[in-house]
Amino acid sequence: MTDNGRRAELASSLDRVRDRIARACTAAGRPPDAVTLTAVTKTYPASDVLLLAGLGVTDVAENRDQEASVKADAVRAEGVRLRWHFVGQLQRNKARSVAAYADVVESVDSVRLAEALGRAAAARENPIEVLLQVSLDGDPARGGVFGDDLWRVSDAVTSSEGLRLGGLMAVAPLGEDPRQAFARLEVLAGQMASRHPGASTVSAGMSGDLEAAVERGATHVRIGTSLLGMRNSLR
Ligand SMILES: *Cc1c(COP(=O)(O)O)cnc(C)c1O
């Protein structure tokens with residue numbers, strides 16, 4: 001496809017996604033600008049990131065370090081500045097690499113990962129914004145902190161100079177109405193904001209469930225498929 005063809009395609013899907021977000025805000029009685037769109041660009045090329053940036057997207061997310069690192073470099077080389085979010089499961093030995101390009105790491109779910117990221121961030125000018133990924137169903141296979149561990153990890157983040165605690169991130173569990181799952185997230189977000197004022201970001205909602213997330217107070221939605229199209233691999 002030509003660059004212009006792809007631009008037109010992305011422009012119209014972006015319009016549709018923005019419209020969905022605006023309607024969901026209205027339905028929830030929230031102002032239309034209460035929710036930030038984060039474009040999940042995994043598996044798609046840097047050229048798509050540049051087109052989205054040209055269409056006004058400010059935040060992009062990736063879930064694999066190697067892919068993200070190359071893409072962020074390519075975009076920066078074009079002189080385009082975006083907020084890069086890392087949303088994938090993160091191994092501690094990748095913390096240094098991620099700290100080189102990520103503005104926000106949304107998938108912190110252990111004290112040891114928070115400590116590794118804090119050490120890696122020491123070399124940076126600005127702290128990394130950290131969201132704690134919470135598990136809404138306690139299934140350890142899918143990542144995320146569960147129960148009282150949340151407070152141990154949040155304390156590890158706030159005690160690190162290289163990190164700033166931004167709030168929470170979650171993925172709705174399979175096989176449950178996302179409204180119910182995101183209602184539990186909303187409760188946790190309230191507890192988090194009263195324990196750590198300023199940690200008020202709630203990243204929730206993907207292509208299939210953004211309305212449910214906005215209804216339950218999401219401040220950021222992470223949209224891949226509805227913006228960029230179906231991915232070849234399931235990730
Ligand atoms: C891939 C991914 C998304 C985007 O999912 P879509 O269903 O394609 O919108 C959001 N969050 C995370 C953590 C992801 O890995």
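Note on numbering: residues in each chain are counted from 1, in written sequence order. Local features are withheld for residues below a pLDDT of 70 in this predicted model, meaning they are given only at 70 or higher, and side-chain atom pairs are given and counted only at 80 or more; totals for whole chains, interfaces and linings count all residues. Values reported for side chains reflect all heavy atoms of the structure, with hydrogen atoms and water molecules removed beforehand.

S.K.: So what exactly am I meant to see when it comes to the overall build of the chain here?
M.R.: For the purposes of this entry, the term helix denotes a DSSP run of H or I that reaches at least four residues, the term strand denotes a run of E that reaches at least two, and both are numbered from the N terminus. A tally of regular secondary structure across the chain gives 9 helices and 8 strands. Taking the principal axes of its C-alpha atoms as reference, the chain extends roughly 50 × 40 × 30 Å. Burial classification: accessible surface area is computed with a 1.4 Å probe over protein chains only, and a residue below 20% of its type maximum counts as buried, one above 50% as exposed, and the rest as partly exposed. Counting over 235 residues, the chain shows a buried share of 49%. Contacts are assigned to residue pairs that have any heavy atoms within 4.5 Å of one another. Long-range contacts, defined here as pairs at least 24 residues apart, represent 63% of the contacts in the chain between residues at least 6 apart. As displayed, the chain has an accessible area near 11200 Å², and 49% of this comes from carbon and sulfur atoms. Two residue types count as positive, namely Lys and Arg, and two as negative, namely Asp and Glu; His and chain ends fall outside the count. A single reference atom marks each charge: NZ on Lys, CZ on Arg, CG on Asp, CD on Glu. Positive and negative side-chain charges in the chain, numbering 29 and 30 respectively, have mean positions lying 2 Å apart. Here the open area of atoms and residues is found with the Shrake-Rupley method and a 1.4 Å probe, where only the protein chains shown may cover a residue.

S.K.: Can you help me understand the UniProt feature "domain: Alanine racemase N-terminal" (unreviewed entry) in the chain in this one?
M.R.: UniProt positions are given in the numbering used here, feature names are shortened, and annotations may be inferred rather than shown by experiment. Feature annotation in UniProt assigns "domain: Alanine racemase N-terminal" (unreviewed entry) to the following positions: residues 13–231. For the annotated span residues 13–231, helix accounts for 42% and strand for 17% of the residues, and the straight-line distance between the end C-alpha atoms is 15 Å.

S.K.: Would you mind going over the nonpolar core with me for this structure?
M.R.: A general tendency of soluble globular proteins is for nonpolar side chains to be buried together. We define the nonpolar core as a collection of buried residues of types Ala, Val, Leu, Ile, Met, Phe, Trp, Tyr and Cys that are connected through side-chain atoms lying within 4.5 Å of one another. One finds Val 105, Leu 117, Leu 132 and Leu 185 to be the most contacted residues of the largest nonpolar core, which totals 69 residues. The contacts of Leu 185, once residues within four sequence positions are left out, are Val 134, Leu 136, Leu 168, Ala 170, Val 202 and Ala 204. One finds Ala 61, Val 87, Val 104 and Met 169 within the second-largest nonpolar core, a separate group that totals 6 residues.

S.K.: Help me understand the side chain of Ser 203 in this model?
M.R.: With respect to the helices and strands, Ser 203 occurs in strand E7 (residues 201–203). In the analysis that follows, any N or O atom pair within 3.5 Å is treated as a polar contact, provided that within protein one partner can donate a hydrogen and the other can accept it, and provided that, for residues neighboring in sequence, both atoms belong to side chains. Side chain to side chain, Ser 203 and Arg 222 meet in a polar contact 2.9 Å long. Setting aside anything within four residues of it in sequence, one finds Ser 203 in contact with Glu 106, Leu 131, Leu 168, Met 169, Ala 170, His 220 and Arg 222.

S.K.: What exactly am I supposed to notice about the side chain of Thr 38 here?
M.R.: If you trace the backbone, Thr 38 turns up in strand E1 (residues 36–40). Among residues more than four places away in sequence, those in contact with Thr 38 are Asp 59, Val 60, Ala 61, His 85, His 220, Val 221, Arg 222 and Ile 223.

S.K.: For this particular structure, what's the right way to read helix H6 (residues 149–158)?
M.R.: Every α-helical turn comprises 3.6 residues, leaving residues that sit three or four positions apart pointing alike. Taken together, the buried positions of H6 are Leu 150, Trp 151, Val 153, Ser 154, Ala 156 and Val 157. Elements in contact with the buried residues of H6: strand E4 (104–108), helix H5 (111–121), strand E5 (128–133), strand E6 (163–169) and helix H7 (178–195).

S.K.: Explanation requested: the UniProt feature "modified residue: N6-(pyridoxal phosphate)lysine" (unreviewed entry) in the chain in the structure shown.
M.R.: Under the present numbering, the feature "modified residue: N6-(pyridoxal phosphate)lysine" (unreviewed entry) in UniProt falls on Lys 42. You can see Lys 42 is positioned in the loop between E1 and helix H2 (46–54).

S.K.: Looking at this structure, I do not really get the site of the ligand. What am I missing?
M.R.: In the vicinity of the ligand lie 11 residues, with Lys 42, Ser 207, Gly 224, Thr 225 and Arg 231 positioned nearest. Separating an oxygen atom of the ligand from a side-chain N or O atom of Ser 207 is a distance of 2.5 Å. Between Thr 225 and the ligand, the recorded distance is 2.6 Å, taken from a side-chain N or O atom to an oxygen atom. Against a free-state accessible area of 390 Å², the protein chains account for coverage of 87% of the ligand. Gly is put with the polar residues, along with every residue not named as nonpolar or charged; the nonpolar set is Ala, Val, Leu, Ile, Met, Phe, Trp, Tyr, Cys and Pro, and the charged set is Asp, Glu, Lys and Arg. Across the shell around the ligand, the residue classes tally to 4 nonpolar, 3 polar and 4 charged. We call a residue near a molecule or strand as soon as one heavy atom of that residue lies within 4 Å of the molecule or strand.

S.K.: Is there a simple way to think about the pairing of strand E3 (residues 83–86) in this case?
M.R.: A regular strand carries its side chains on alternate faces of the sheet. A pair of strands counts as paired when DSSP detects no fewer than two bridges linking them. Alignment of strand E2 (residues 59–62) against E3, held across 4 bridges, turns out to be parallel. Across the sheet, the residue bridging to Glu 62 is Phe 86, located in E3. Consider the strands pointing away from the viewer: the crossover is right-handed when the path from the first strand over the helix to the second runs clockwise. Viewed along the sheet, the connection from E2 through helix H3 (residues 65–77) into E3 turns out right-handed. In this sheet, E4 lies alongside E3 in parallel orientation, the contact comprising 2 bridges.

S.K.: Just to check I follow, could you spell out the pattern of salt bridges for this structure?
M.R.: For side chains bearing opposite charge, pairing can occur when the charged atoms are close. The salt bridge criterion pairs a side-chain nitrogen of Lys or Arg with a carboxyl oxygen of Asp or Glu, the two atoms within 4 Å. Applying the stated rule across the entire model yields 16 salt bridges. Among the ionic pairs, Glu 67 bridges to Lys 71, the shortest N-O distance being 2.8 Å. Taken together, the residues Glu 67 and Lys 71, both in helix H3 and 4 residues apart, mark about one turn of the helix. One salt bridge connects Asp 149 with Arg 152, and the closest N-O pair in it is separated by 2.8 Å. Taken together, the residues Asp 149 and Arg 152, both in helix H6 and 3 residues apart, mark about one turn of the helix.

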